[in-house]
Amino acid sequence: RKEVEQDPGPFNVPEGATVAFNCTYSNSASQSFFWYRQDCRKEPKLLMSVYSSGNEDGRFTAQLNRASQYISLLIRDSKLSDSATYLCVVNKGGSYIPTFGRGTSLIVHP
Amino acid sequence: NAGVTQTPKFRVLKTGQSMTLLCAQDMNHEYMYWYRQDPGMGLRLIHYSVGEGTTAKGEVPDGYNVSRLKKQNFLLGLESAAPSQTSVYFCASSYGPTQETQYFGPGTRLLVL
């Protein structure tokens, strides 16, 4: 099993839709979690950290389920500009090396 | 404040040629990383550094060498380029260990013929 797994998609949704992605991780010692966004031919940029209690930033909500070892990203009221690849990042405690998922592609169409 | 910069942005090499990719950051970050990104493979860590003068191997280090002589710079070298090294290379830096956000450079597109 890969350390961090994501459904590659693409998720093809109309504007205004709500879409959710999951990311599963295999190492129960993982301690910090992030979602990054990567536009086509650009560098990844931090979208949001994922906290144990869940957190929200505008239309974006991130949640962590330690028991089932996954994190999720919910996007409400999708915009055309949300079209991108969303990367899940999981860091083990005591490790300098973050582990990236392969990303989930989102396409928002008019 | 330029953040993380990478030089060059694009390069074409012939098999067997050598080159050095330069990453520079002006955020006084201790940690720096070199990744390669290939279609369908996601980001894979090549080498990383936890401070000036230190380097360590990542997931795919073969065929690459690195140096961190100055805190702000992290160099990635290809001694004898191979077509399998055709990729997009991203450098990243962070202030601390894995709890911290990583900041990425704009990438270097390398084509090895």
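Residues numbered from 1 in each chain as written. Chains lettered and ligands numbered in written order. Predicted model: local features only at pLDDT ≥ 70, side-chain atom pairs only at ≥ 80, totals over all residues. Heavy atoms only, no water.

**Student:** Is there a simple way to explain a nonpolar patch on the surface in this structure?
**Tutor:** On the surface, B:Phe10, B:Val12, B:Leu111 and B:Leu113 cluster together to form a nonpolar patch covering roughly 370 Å² of accessible area. Following the sequence through the fold, B:Val12 ends up in strand S2 (residues 10–13). (Patch = residues over 30% accessible without salt bridge, like charges linked within 9 Å, V, L, I, M, F, W, Y side chains within 5 Å. Areas by Shrake-Rupley, 256 points an atom, 1.4 Å probe, with all protein chains shown as cover. Salt bridge = Lys/Arg side-chain N within 4 Å of Asp/Glu carboxyl O. Helix = DSSP H or I, 4+ residues; strand = E, 2+ residues; numbered from the N terminus.)

**Student:** Sorry, what's going on with the packing of aromatic side chains here?
**Tutor:** One pair of aromatic rings is described through two measures. These are the centre distance and the angle between the planes. Applying the stated rule across the entire model yields 13 aromatic pairs over all chains. Considering the side-chain rings of A:Phe11 and A:Phe21, the 5.1 Å spacing of their centres and the 75° angle between planes classify their relative orientation as edge-to-face. Residue A:Phe11 is located in strand S2 (residues 11–14), and its partner A:Phe21 is located in strand S3 (residues 19–25); the two are separated by 10 residues in the primary sequence. Residue classification places A:Phe21 among the buried positions, given a relative accessible area of 1%. Ring centres of A:Tyr36 and B:Phe104 lie 6.1 Å apart, and the angle between their planes is 85°; this geometry places the pair in the edge-to-face category. You can see A:Tyr36 sitting in strand S4 (residues 30–38) and its partner B:Phe104 sitting in strand S10 (residues 103–104), one on each of two chains. (Phe/Tyr/Trp six-rings, centres within 6.5 Å; stacked < 30°, edge-to-face > 60°. Buried < 20%, exposed > 50% of the residue type's maximum accessible area, 1.4 Å probe, protein only.)

**Student:** What is the right way to read the interface of chain A and chain B from this model?
**Tutor:** Quite often, the size of an interface is put as the accessible area lost when its parts meet. Between chain A and chain B, the contact holds 19 residues from the first and 22 residues from the second. Both faces combined, the contact of chain A with chain B buries some 1,800 Å², and carbon together with sulfur accounts for 57% of it. Interface area lost by chain A to chain B is led by A:Tyr96, A:Phe100 and A:Arg102, which between them contribute 32%. The tally of links from chain A across to chain B stands at 0 salt bridges. Run the count over chain A and chain B and you get 3 residue pairs in polar contact (both at pLDDT 80 or more). At the level of elements, S4, strand S5 (44–50), strand S9 (84–92) and strand S10 (98–100) of chain A are the ones that each hand at least two residues to the side of chain A that touches chain B. Counting residues per element, the side of chain A that touches chain B draws most heavily on S4(A), at 5 residues. Per-class residue counts for the side of chain A that touches chain B are 9 nonpolar, 5 polar and 5 charged. (Contact = heavy atoms within 4.5 Å. Buried area = accessible area lost by both parts, 1.4 Å probe. Polar contact = N/O pair within 3.5 Å; in protein donor to acceptor, adjacent residues only side chain to side chain. Nonpolar A, V, L, I, M, F, W, Y, C, P; charged D, E, K, R; others polar.)

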